[in-house]
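Working through the structure, step by step
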Amino acid sequence: MNRRVRQKREYCRGKDQTNISSKTPKCGCLSSATISGVDWTTLPDDTVIQLFSYLHYRDRASLASTCQTFRLLGSSPCLWGSLDLRSHKFDTAAAVSLSPRCKNLQRLKFHAAGSTDAIVSLQARKLREISGDLCRDITDAALSVIAARHEMLESVHLGPDACERISCDAIKALAYCCPRLQRLWMSGVKDINGDAINALAKHCRQLKDVGFVESDNIDEVALGNLNSVKFLSVAGTRNLKWGSVAHVWSRLPSLICLDVSRTDINLSAVTGFLSSSQNLKVLSALNCPVFEGEVDSISMYNHKGKILLTFLSDMFKGVTSLFADSSKNVTDVFQYWRRLVNRDKNVDEIVVWIECVFSQSLLRIAENNLKEFDDFWLSQGAAVLLSLLQSSQEEVQERAATAVATFVVIDDENATVDCKRAEAILRGDGIRVLLNLARSCQEGLQSEAAKAIANLSIDSKVAKAVAGSGGINILANLAKSMNRLVAEEAAGGLWNLSVGDDHKGAIAKAGGIKALVDLIFKWPSSSEGLLERATGALANLGADEKCSLEVAVAGGIHALVMLARNCKFDGVQEQAARALANLAAHGDSNSNNAAIGQEEGALEALVQLTFSQNEGVRQEAAGALWNLSFDDKNREAIAAAGGVEALVALAQSSSSASRSLQERAAGAIWGLSVSESNSIAIGRQGGIAPLIVLARSDIEDVHETAAGALWNLAFYRENALHIVQDGGVKPLIHLCSSSISKMARFMAALALVYIFDGRIDASESSKTLNMDGVGRIALKHVEGFVNSLYDPQSFHTAASSLVPTPLAQIAEAIRIQEAGHLRCSGAEIDRFLRMLRDPSSMLKSCSAFALSQESTYSLYLIN
């Protein structure tokens with residue numbers, strides 16, 4: 001596989017995450033002479049703080065560690081109001097190191113896995129907002145402690161992953177400890193009872209935005225007590241009793257927006273909300289199958305001042321109903337709203353909520369990847385996502401970018417995207433928008449935008465647009481990021497753009513090759529995702545001769561061998577082996593083949609990978625050994641490392657494997673069989689029988705390669721006898737006479753000539769085989785093959801004349817173009833020359849034809 005897509009981000013705890021702890025040395029200020037003659041510490045404090053504000057907080061901490069002056073300025077409260085720790089190892093030690101800067105911290109984003117205890121250690125008592133994902137491991141106790149230590153919390157957002165270990169006890173703790181709570185959004189809490197909801201109603205009098213989504217059970221009657229709530233979402237929640245829900249919730253005095261998307265709400269309940277709710281402005285019912293099945297179409301967006309948003313109607317037009325008549329003709333209502341000079345605060349609040357609801361619902365639908373939404377995505381879904389990408393809300397932009405990355409993918413394993421969806425994003429100027437997000441200083445946006453660009457670039461039209469818009473330079477720069485997630489997605493983009501020959505040169509020019517190699521050295525034990533993408537991109541680039549040289553110069557051979565030796569991830573092993581195979585495939589045009597062989601442990605590692613449980617790894621390792629065996633020293637070193645035994649075992653187990661594995665297993669044996677010692681060893685290890693099996697394959701590439709290996713092996717008498725005894729004559733005859741590949745026919749003919757050139761006595765062959773009779777049949781087929789390609793009389797006439805022009809014309813006419821890479825040894829040419837003196841006309845004819853494939857000069861030798 002030469003590219004990969006990402007649908008959902010995966011994270012690992014611990015070792016693969018960047019440690020954000022930084023300590024400041026007590027060494028005074030830097031000498032001005034050390035920074036290009038400029039004493040940066042003499043700048044005005046306001047200027048330095050402004051410079052710090054343009055840096056990510058990790059870079060601020062690094063710069064602050066350089067001297068006491070920068071340490072003081074870098075700790076300014078205005079620089080540490082917000083932290084996004086999602087891509088870092090955020091444990092107690094890191095929290096303690098950050099705590100001196102976090103006294104005024106107000107907003108925190110984190111991965112909940114392993115981080116909840118560390119939040120308390122930040123000592124950020126003024127914390128107002130927390131947003132955590134990967135929430136499966138958050139417990140009641142952990143959330144209760146966070147609530148108790150941060151009584152000023154106003155917003156808690158936990159999701160979109162299910163909060164499987166959170167119960168009503170934690171919700172009550174939030175209610176008791178955080179009376180200023182205004183927004184509570186939780187995903188996947190299994191059961192939310194009346195006690196928890198009533199506690200929120202009693203203690204959190206400012207609570208106005210509540211989201212209990214993807215839950216199993218909610219006390220819908222108790223929700224009717226949340227009198228302060230203006231925005232309510234129960235999207236994806238199951239087991240709601242809609243008959244009573246509409247009656248109870250319609251009496252909520254402050255409720256203006258309700259989201260029931262992805263639920264089983266029915267037409268009766270929708271009608272009830274629209275007719276009975278006094279203050280309700282917006283009812284969002286996106287992807288509600290029961291309701292949609294009961295309604296043929298929605299022609300009214302505005303029902304008595306209430307807006308109904310569904311997939312059955314134009315979503316933009318529905319939102320347009322919030323505005324005055326002058327907005328009726330706008331194409332993108334969100335863009336229209338963002339450009340308004342005089343805006344209504346109440347309308348602003350509603351549109352902000354709608355953006356959040358749309359981004360959440362579209363992401364969920366994209367993740368489910370249902371065929372039934374094809375028309376929706378093309379008719380309006382893609383346009384809505386493009387608008388959301390330009391939202392002023394960072395979390396909406398992130399979700400929209402993730403949804404774009406996800407909805408274009410129709411087959412993750414085979415890296416297949418829906419071209420119509422991808423090109424809908426292209427037509428809507430989505431590439432420019434995504435590239436702008438990738439330039440953002442917010443690493444969450446960088447990561448999700450790079451992921452979307454990577455997946456879209458599988459489509460060749462989009463890839464061309466990305467390259468033409470400067471996307472390669474942007475991705476190459478992002479690949480240098482200190483944020484592992486950003487670098488990982490950027491590497492994925494370079495992987496997909498490096499498919500084919502169109503953009504390889506541009507990637508190299510942008511510094512992409514060095515960035516990819518550096519990633520391997522920077523995170524050698526990182527997660528599979530980053531290393532697989534970096535090695536996959538290098539594998540694609542290594543197929544280009546010029547790029548392969550740059551990979552070697554950048555230290556790529558050492559990096560790839562290191563992964564082949566030490567990495568335990570199958571995907572990384574597969575791509576590392578493929579990269580080494582491509583680097584070694586350029587023959588005499590560069591020295592990469594020999595250089596790989598000289599790298600310590602390289603050949604041994606590839607031999608070991610042929611025993612992998614993963615077929616893709618075995619296939620690429622065999623392909624690498626095949627290419628490397630073209631170098632004389634490598635060939636013998638592979639054999640010394642156990643390559644003969646390993647490859648014979650691989651061939652023996654490949655009868656039911658993929659065609660690519662079969663071809664490469666046979667090819668690697670063919671490569672090793674060039675030398676006499678290896679050829680004999682292959683025969684004695686039992687390598688001939690599996691090659692005969694592969695020679696029977698109907699797949700051209702497989703039987704052609706197997707024929708090549710058998711040709712080499714048959715040169716030696718011991719192997720020729722094994723071929724006869726193992727039943728190889730019949731498959732070779734079949735190939736010689738019937739294969740659609742001239743090369744397969746040619747090499748099968750050579751093998752048969754070697755077998756039946758008189759070296760094997762009839763008494764040595766199988767008792768059931770008439771050696772003389774089978775030999776005559778075999779050579780008759782050989783003669784038929786030779787005669788089908790040229791006229792022997794014309795050939796001998798031209799050869800005897802020694803006139804160059806007709807000789808060259810005949811040589812060109814009978815040459816098999818694919819045979820140009822074959823090289824006969826001196827011993828083989830000597831044998832062909834002896835055959836020319838054999839009484840058998842068939843052997844003479846075949847030997848003359850074989851020699852003609854070597855060079856025009858061989859024709860003079862024939863004479």
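Values in this document were obtained by computation on a predicted structure and should not be read as measured data. By convention here, each chain's residues receive numbers from 1 onward along its written sequence. Given that the model is predicted, a residue must reach a pLDDT of at least 70 before its local features are reported, and side-chain atom pairs must reach 80 or more before they are shown or counted; all residues, however, enter totals for whole chains, interfaces and linings. Just so you know, side-chain values use all the structure's heavy atoms and leave hydrogens and water out.

Some points on the overall build of the protein
Note the following rule: Counting from the N terminus, the helices are the DSSP runs of H or I reaching at least four residues and the strands are the DSSP runs of E reaching at least two. Where accessible areas are quoted, they stem from the Shrake-Rupley method and a 1.4 Å probe; at the residue level, only the protein chains shown are allowed to cover.
In terms of helices and strands, the protein carries 47 helices and 17 strands. When the accessible surface of the protein is split by element, carbon and sulfur atoms take 49% of a total near 35,000 Å².

A word on the packing of aromatic side chains
Inclusion rule: Stacked, edge-to-face and tilted labels apply to pairs of Phe, Tyr and Trp rings (six-membered ring for Trp) whose centres lie within 6.5 Å, assigned for plane angles under 30 degrees, over 60, and everything in between, in that order. Using a 1.4 Å probe on the protein chains alone, a residue whose accessible area is under 20% of its type maximum counts as buried, one over 50% counts as exposed, and one in between counts as partly exposed. A ring is considered to have a charge above it if a Lys NZ or an Arg CZ atom is located within 6 Å of its centre and within 35 degrees of its normal.
Inspection of every chain in the model, using the stated rule, returns 14 aromatic pairs. Here phenylalanine 52 and phenylalanine 70 contribute two aromatic rings whose centre-to-centre distance is 6.0 Å and whose plane-to-plane angle is 90°, an arrangement assigned as edge-to-face. With phenylalanine 52 in helix H1 (residues 45-53) and phenylalanine 70 in helix H3 (residues 68-74), this pair connects stretches of sequence that are 18 residues apart. Seen from their ring centres, phenylalanine 334 and phenylalanine 358 are 6.0 Å apart, and the 80° between their planes marks the pair as edge-to-face. You can see phenylalanine 334 sitting in helix H14 (residues 333-339) and its partner phenylalanine 358 sitting in helix H15 (residues 345-368), a full 24 residues away along the chain. Taken individually, phenylalanine 334 and phenylalanine 358 each receive the classification buried, so the pair is uniform in this respect. Members of the aromatic cluster, joined through ring pairs, are Phe311, Phe373, Phe376, Trp377 and Phe407. Its end group placed over the ring of tryptophan 337, arginine 343 keeps NZ or CZ at 4.6 Å from the ring centre.

What to know about the side chain of serine 277
Applied cut-off: Pairs of N or O atoms within 3.5 Å make up the polar contacts considered here, provided that, within protein, one atom can donate a hydrogen while the other can accept it, and that residues adjacent in sequence are counted only when both atoms are side-chain atoms.
Inspection of the secondary structure assignment puts serine 277 in the loop between helix H11 (267-276) and strand S13 (282-284). At 3.3 Å, the side chain of serine 277 and the side chain of serine 250 are in polar contact.

Description of the side chain of serine 629
Test applied: In what follows, residue pairs with any heavy atoms lying within 4.5 Å of each other are defined as contacts.
Along the chain, serine 629 falls in the loop between helix H32 (615-628) and helix H33 (632-640). Ignoring anything within four residues of it in the chain, the contact list for serine 629 reads Arg635, Ile638, Gly671 and Leu672.

What to know about helix H18 (residues 419-427)
The set of residues buried in H18 consists of Arg421, Ala422, Glu423, Ala424 and Ile425. Each element contacted by the buried residues of H18 is listed here: helix H16 (374-388), helix H17 (394-407), helix H19 (430-438), helix H20 (443-456) and helix H21 (460-468). Where H18 begins, the side chain of aspartate 418 points an oxygen toward the backbone nitrogen of lysine 420, at a separation of 3.0 Å. Aspartate 429 sits one or two residues past H18 and shows a positive phi near 65°.

Focus on the nonpolar core
Quick reminder of the rule: We call a set of buried Ala, Val, Leu, Ile, Met, Phe, Trp, Tyr and Cys residues a nonpolar core when their side-chain atoms join them within 4.5 Å.
Ranked by size, the top nonpolar core spans 201 residues in total, and within it Leu322, Ile354, Phe358 and Ile755 carry the most contacts. Examining the composition of this core, we find that 12 residues originate from one element, H15, more than from any other. Every residue in contact with phenylalanine 358, bar those within four places of it in the chain, is listed here: Leu286, Leu309, Met315, Val319, Phe334, Val384 and Leu388. One finds Ala118, Met186, Leu226 and Leu283 within the second-largest nonpolar core, a separate group that totals 85 residues.

Comments concerning the packing of H19 against H20
Cut-off, in case you're wondering: Here an angle of 0 to 180 degrees is reported between the N-to-C directions of two axes, which are lines fitted to C-alpha atoms, with helices fitted over the stretch in contact. Less than a right angle of anticlockwise turn of the near helix away from the far helix marks a crossing as left-handed, whereas a clockwise turn marks it as right-handed. Throughout, the ten residues Ala, Val, Leu, Ile, Met, Phe, Trp, Tyr, Cys and Pro are labelled nonpolar, Asp, Glu, Lys and Arg are labelled charged, and all others, Gly among them, are labelled polar.
Relative to each other, H19 and H20 sit at 145°, their axes nearing to 7 Å. The element H19 and its partner H20 pack so that their crossing is left-handed. Contacts between H19 and H20 involve Ile431, Leu434, Leu435, Leu437 and Ala438 on the former and, on the latter, Leu445, Gln446, Ala449, Ala452, Ile453 and Leu456. Residues of the contact of H19 with H20, tallied by class, amount to 10 nonpolar, 1 polar and no charged.

Quick look at the pattern of salt bridges
Applied cut-off: Salt bridges are identified by distance alone: a Lys or Arg side-chain nitrogen within 4 Å of an Asp or Glu carboxyl oxygen.
Using the criterion set out here, one finds 32 salt bridges in the structure. Residues glutamate 164 and arginine 136 are paired through a salt bridge, measuring 3.6 Å at the closest nitrogen-oxygen approach. Within this pair, whereas glutamate 164 is found in the loop between strand S6 (155-158) and helix H7 (168-177), its partner arginine 136 is found in the loop between strand S5 (129-133) and helix H6 (140-149), the two being separated by 28 residues in sequence. Two residues, lysine 371 and aspartate 374, come together in a salt bridge whose shortest N-O distance is 3.0 Å. On the basis of relative accessible area, aspartate 374 is assigned to the buried category, the value being 16%.

Some words on the pairing of strand S9 (residues 209-213)
Just so we agree on the cut-off: Note: two strands are recorded as paired if DSSP finds a minimum of 2 bridges between them.
Most of S9 is tucked away: 5 of the 5 residues are buried. Of the strand pairs in this sheet, strand S7 (residues 183-187) and S9 are connected by 5 bridges, and their pairing is parallel. Bridge pairing in S9 places arginine 183 opposite aspartate 209. By the bridge criterion, 3 bridges tie S9 to strand S11 (residues 231-233) in an arrangement that is parallel.

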